[in-house]
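One-letter residues, chain by chain:
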Amino acid sequence: MQKTNAMRALDRAHIDYTPHSYAGTGAVSGTEVAQALGFEPEKVFKTLVTEGKSGAHYVFIIPSNRELDLRKAAEAAKEKSVAMIRAKDLLPLTGYVHGGCSPIGMKKQFITFLDESARQRDTIVISAGKIGYQIELRPEDLMKSVPLALVDVAEEV
């Protein structure tokens with residue numbers, strides 16, 4: 001398996017992770033990725049990038065089978081409102097494409113939030129920064145690699 005920028009960042013920080021590949025499965029959504037890897041959807045987290053009313057950007061990491069509660073997200077970011085950025089703006093802003101966005105190794109470190117449901121898991125699975133690749137790691141280790149806050153921002157679909 002080829003190394004991604006996110007994997008190299010974890011290697012430099014001496015953080016343990018397990019790489020997984022779903023390349024060639026045709027999986028697109030987070031829940032399809034979870035199914036392709038044989039994980040429950042609550043274990044596979046997706047990385048969402050938003051823009052606040054102030055123009056600042058925020059990253060939210062939530063379970064693949066849930067949606068971002070924009071009201072709670074705005075409250076967590078101390079913004080009047082937040083909105084998802086357009087897919088075409090993702091690459092220039094983060095260095096990652098839609099479907100392969102990792103909270104690790106973005107061009108710039110944005111204020112990042114992890115849904116508190118991650119506390120209930122020994123490990124979670126996040127994007128490795130390339131479509132077809134995921135990283136499994138402990139939530140505590142993710143917090144070592146990316147400064148983040150645990151918040152309740154996900155809602156049932």
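No experiment lies behind these values; they were computed from the predicted model shown.

About the cut-offs
- Residues numbered from 1 in each chain as written.
- Predicted model: local features only at pLDDT ≥ 70, side-chain atom pairs only at ≥ 80, totals over all residues.
- Heavy atoms only, no water.
- Buried < 20%, exposed > 50% of the residue type's maximum accessible area, 1.4 Å probe, protein only.
- Helix = DSSP H or I, 4+ residues; strand = E, 2+ residues; numbered from the N terminus.
- Arc of directions from axis to C-beta.
- Contact = heavy atoms within 4.5 Å.
- Phe/Tyr/Trp six-rings, centres within 6.5 Å; stacked < 30°, edge-to-face > 60°.
- Pairing = 2+ DSSP bridges.

Novice: Quick rundown of helix α3 (residues 70-77)? Include the residues and the values.
Specialist: An α-helical turn contains 3.6 residues, so a residue and the one three or four places further along point in the same direction. Looking only at α3, the buried set comprises Ala-73, Ala-74 and Ala-77. Buried residues of α3 fall within an arc of 100° about the axis and therefore sit on the same side. Opposite the packed face of α3, turned more than 90 degrees from it, sit the exposed residues Arg-71 and Glu-75. Residues of α3 that are buried make contact with β3 (57-63), β4 (66-68), β5 (82-84) and β6 (111-115). Lys-78 occupies a position one or two residues after α3 and carries a positive phi of about 60°.

Novice: So what's going on with the packing of aromatic side chains? Residues and values would help.
Specialist: Where two aromatic rings form a pair, the distance of their centres and the angle of their planes describe that pair. This model, assessed by the stated rule, comprises one aromatic pair. Between Phe-60 and Phe-113 the ring centres are 5.0 Å apart and the planes differ by 15°, which places this aromatic pair in the stacked class. Here Phe-60, found in strand β3, pairs with Phe-113, found in strand β6; they are 53 residues apart in sequence, far enough to count as distant.

Novice: Break down the pairing of β3 for me, with residues and values.
Specialist: The buried count for β3 comes to six of seven residues, which makes it a mostly enclosed element. In this sheet, β3 lies alongside strand β2 (residues 45-52) in antiparallel orientation, the contact comprising seven bridges. Bridged to Lys-46 within β3 is Ile-62. Taking the residues that link successive antiparallel strands as the turn, the β2-β3 hairpin has four residues, and the phi of Gly-55 there is positive, at about 100°. Bridging between β3 and β6 involves four bridges; their strand directions are parallel. Residue Tyr-58 lies in a different strand from β6, and its bridge partner there is Ile-111.

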